[in-house]
Amino acid sequence: MNDKQCYFCTNNLKSVDYKEAETLKRFLNPHARMMGKNRTGLCASHSRRMAEAVKRARFLALIPYVAR
């Protein structure tokens, strides 16, 4: 069982916003790839919302697709 707590549940955040790039960067590794639930500690619903928000932020060039 994962002992990490979901960041969004513990901070009582209702939604994952694609415009908050600094919050989304916490869940990316140094190569700008999304980390899995076992690494981030997110619950299933927030993990899905986070993935969608990261994809939208990448499309709008708020965060990079690839870090070099």
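Residues numbered from 1 in each chain as written. Predicted model: local features only at pLDDT ≥ 70, side-chain atom pairs only at ≥ 80, totals over all residues. Heavy atoms only, no water.

Asks: Explain unusual backbone geometry residue by residue, including any values.
Replies: Positive phi, close to 55 degrees, is recorded for Asn-12, a residue that is not glycine. Secondary-structure assignment places Asn-12 in the loop between helix H1 (7-10) and helix H2 (21-25). Judged by relative accessible area, which is 57%, Asn-12 ranks as exposed. The phi torsion at Ala-61 lies on the positive side, around 65 degrees, for a residue other than glycine. Secondary-structure assignment places Ala-61 in the segment after helix H4 (44-59). (Helix = DSSP H or I, 4+ residues; strand = E, 2+ residues; numbered from the N terminus. Buried < 20%, exposed > 50% of the residue type's maximum accessible area, 1.4 Å probe, protein only.)

Asks: I'd love a proper account of the side chain of His-46, names of residues and values included.
Replies: Tracing the backbone through its elements, the reader meets His-46 in helix H4. Once residues within four sequence positions are removed from consideration, His-46 is found in contact with Cys-6, Phe-8, Cys-9, Leu-13, Lys-14 and Val-16. (Contact = heavy atoms within 4.5 Å.)

Asks: So what about the pattern of salt bridges? Which residues, and what values?
Replies: Per the stated rule, a full pass over the model turns up 2 salt bridges. Salt-bridge contacts for Lys-25 lead to Glu-22; the nearest nitrogen and oxygen are separated by 3.7 Å. With Lys-25 and Glu-22 both in helix H2 and 3 residues apart, the pair spans about one turn of that helix. Among the residues examined, Glu-22 registers a relative accessible area of 60% and is labelled exposed. Glu-52 is paired through a salt bridge with Arg-56; the nearest N and O atoms lie 3.7 Å apart. Of the two residues, Glu-52 and Arg-56 are both situated in helix H4; the distance of 4 residues between them amounts to about one turn of the helix. (Salt bridge = Lys/Arg side-chain N within 4 Å of Asp/Glu carboxyl O.)

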